[in-house]
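Residue-level structural notes
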Amino acid sequence: MAALLKQPLKLALVQLASVRRDGIGADKAVNLAHARTKVLEAAQAGAKLIVLPECFNSPYGTQYFPKYAETLLPSPPTEDQSPSYHALSAIAAEAKAYLVGGSIPELEPTTKKYYNTSLVFSPTGSLIGTHRKTHLFDIDIPGKITFKESEVLSPGNQLTIVDLPDYGKIGLAICYDIRFPEAAMIAARKGAFALIYPGAFNMTTGPMHWSLLARARAVDNQLQPSRGSLVEAEDKETIVYADLDNDTIQSTRKGIPVYTQRRFDLYPDVSAEK
């Protein structure tokens with residue numbers, strides 16, 4: 001069975017407390033500097049794949065997206081067009097680690113559309129992947145939360161698999177994307193060893209669903225968090241770590257061989273269509 005993960009990998013998930021939905025954490029430069037501190041802390045602990053949260057550089061809210069949006073195209077942007085792009089590139093190179101830069105608000109200059117966009121950088125600071133959030137968070141739970149990203153944001157139109165040359169492929173999506181299992185299935189069946197979802201879940205649906213959804217996507221696709229290595233943080237700033245290895249993934253797939261038992265004569269293989 002071909003290796004999904006070429007060598008053992010320490011993963012770090014950085015949870016920041018500096019940016020909140022109420023506008024706390026409004027200084028972008030401070031947020032970028034704080035992110036650098038935490039990424040370097042994770043790298044010092046041995047992490048080689050480090051993930052920041054969704055909209056880590058700005059407050060999270062439709063009223064903030066236009067003010068904080070940066071222009072990423074044509075790539076590479078100038079530092080004036082995207083200070084976050086250049087900060088993430090420099091941080092990845094300084095950390096000597098792959099960095100999933102959470103996400104940032106993006107303005108596409110030709111269409112004037114806004115996106116929620118994740119950038120992935122290599123240990124040399126090169127951009128190796130980009131994902132625009134494909135499913136927008138439009139919900140209405142009476143008496144609890146109403147939120148409509150589509151008031152400002154446009155949805156991305158591509159699924160994203162990023163190749164980390166030293167380790168293998170990851171499936172990348174953002175927060176609300178996790179509720180739609182097809183993207184995870186496609187990434188897993190195309191050889192991804194991990195599914196990465198930078199998120200900024202709220203405190204209404206988050207405690208109910210975030211861990212459940214992450215475990216479901218992992219179990220469905222027999223990826224490492226489904227075997228007890230999924231670590232859950234509390235609602236405060238922290239870094240959580242997981243050690244990933246190919247043997248664990250492969251032994252699980254051998255023991256419960258769903259990859260050879262699917263009935264594509266009864267239902268379609270969604271990965272064959274992409």
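Figured I'd write up the structure that's included with this text. (Residues numbered from 1 in each chain as written. Predicted model: local features only at pLDDT ≥ 70, side-chain atom pairs only at ≥ 80, totals over all residues. Heavy atoms only, no water.)

What about the sheet that holds strand 11 (residues 192-196)?
- Ordered by their spatial adjacency, three strands build an open sheet running 9-10-11, and the pairing between neighbours is mixed. Single-partner strands in this sheet number two, and they are strand 9 (160-164) and strand 11. Pairwise comparison of adjacent strand axes, ignoring direction, gives a mean angle of 30° for this sheet.
- Sheet topology places strand 9 next to strand 10 (residues 168-172); five bridges connect them, and they run antiparallel. Counterpart to Ile 161 in the pairing with strand 10 is Gly 171.
- Running at roughly 155° to strand 11, helix 4 (residues 181-189) makes contact with strand 9, strand 10 and strand 11 of the sheet. (Pairing = 2+ DSSP bridges. Helix = DSSP H or I, 4+ residues; strand = E, 2+ residues; numbered from the N terminus. Axes fitted to C-alpha atoms, helices over the stretch in contact; angles between N-to-C directions. Contact = heavy atoms within 4.5 Å.)

Structural notes on the packing of aromatic side chains
- Scanning the model with the defined rule gives eight aromatic pairs in all.
- Consider the rings of Tyr 98 and Tyr 167, whose centres lie 6.1 Å apart with planes at 80°: the pair is edge-to-face. Taken together, the residues Tyr 98 in strand 3 (residues 98-100) and Tyr 167 in the loop between strand 9 and strand 10 connect sequence positions 69 residues apart.
- With a relative accessible area of 9%, Tyr 167 lands in the buried category.
- Residues Phe 264 and Tyr 267 carry aromatic rings whose centres are separated by 6.0 Å and whose planes lie at 85° to one another, so their mutual orientation is edge-to-face.
- Take Tyr 267: its relative accessible area is 37%, and that puts it in the partly exposed class.
- One aromatic cluster in this structure is built from Tyr 60, Phe 65, Phe 137, Phe 147, Tyr 176 and Phe 180.
- Above the ring of Tyr 259, the side-chain terminus of Arg 253 is found at 4.1 Å from the ring centroid. (Phe/Tyr/Trp six-rings, centres within 6.5 Å; stacked < 30°, edge-to-face > 60°. Buried < 20%, exposed > 50% of the residue type's maximum accessible area, 1.4 Å probe, protein only. Lys NZ or Arg CZ within 6 Å of the ring centre and 35° of its normal.)

Quick word on the pattern of salt bridges
- As enumerated under the stated definition, the model contains 10 salt bridges in all.
- Between Glu 41 and Lys 38 there is a salt bridge whose closest N-O contact spans 2.9 Å. Residue Glu 41 and its partner Lys 38 are located together in helix 1 (residues 28-44), separated by three residues, close to a single helical turn.
- Looking at Glu 41, the relative accessible area reads 39%, which means it is partly exposed.
- One salt bridge in this structure joins Asp 220 and Arg 217, with 3.4 Å as the shortest N-O distance. Here Asp 220 pairs with Arg 217, and both are found in helix 5 (residues 206-221), just three residues apart, close to one helical turn.
- The exposure class assigned to Arg 217 is buried, which follows from its relative accessible area of 9%.
- The structure contains a network of salt bridges with shared partners spanning Glu 54, Lys 133 and Glu 149. (Salt bridge = Lys/Arg side-chain N within 4 Å of Asp/Glu carboxyl O.)

With respect to the packing of helix 1 against helix 3 (residues 83-95)
- Where helix 1 contacts helix 3, the axes come no closer than 10 Å and their chain directions differ by 20°. By the angle between their axes, helix 1 is roughly parallel relative to helix 3. The element helix 1 and its partner helix 3 pack so that their crossing is right-handed. Where helix 1 abuts helix 3, its residues Lys 28, Leu 32, Arg 36, Val 39, Leu 40 and Ala 43 lie against Pro 83, Ser 84, Ala 87, Ile 91, Glu 94 and Ala 95. (Parallel < 35°, antiparallel > 145°, perpendicular 65-115°, else oblique. Left-handed = near helix turned anticlockwise from the far one by under 90°.)

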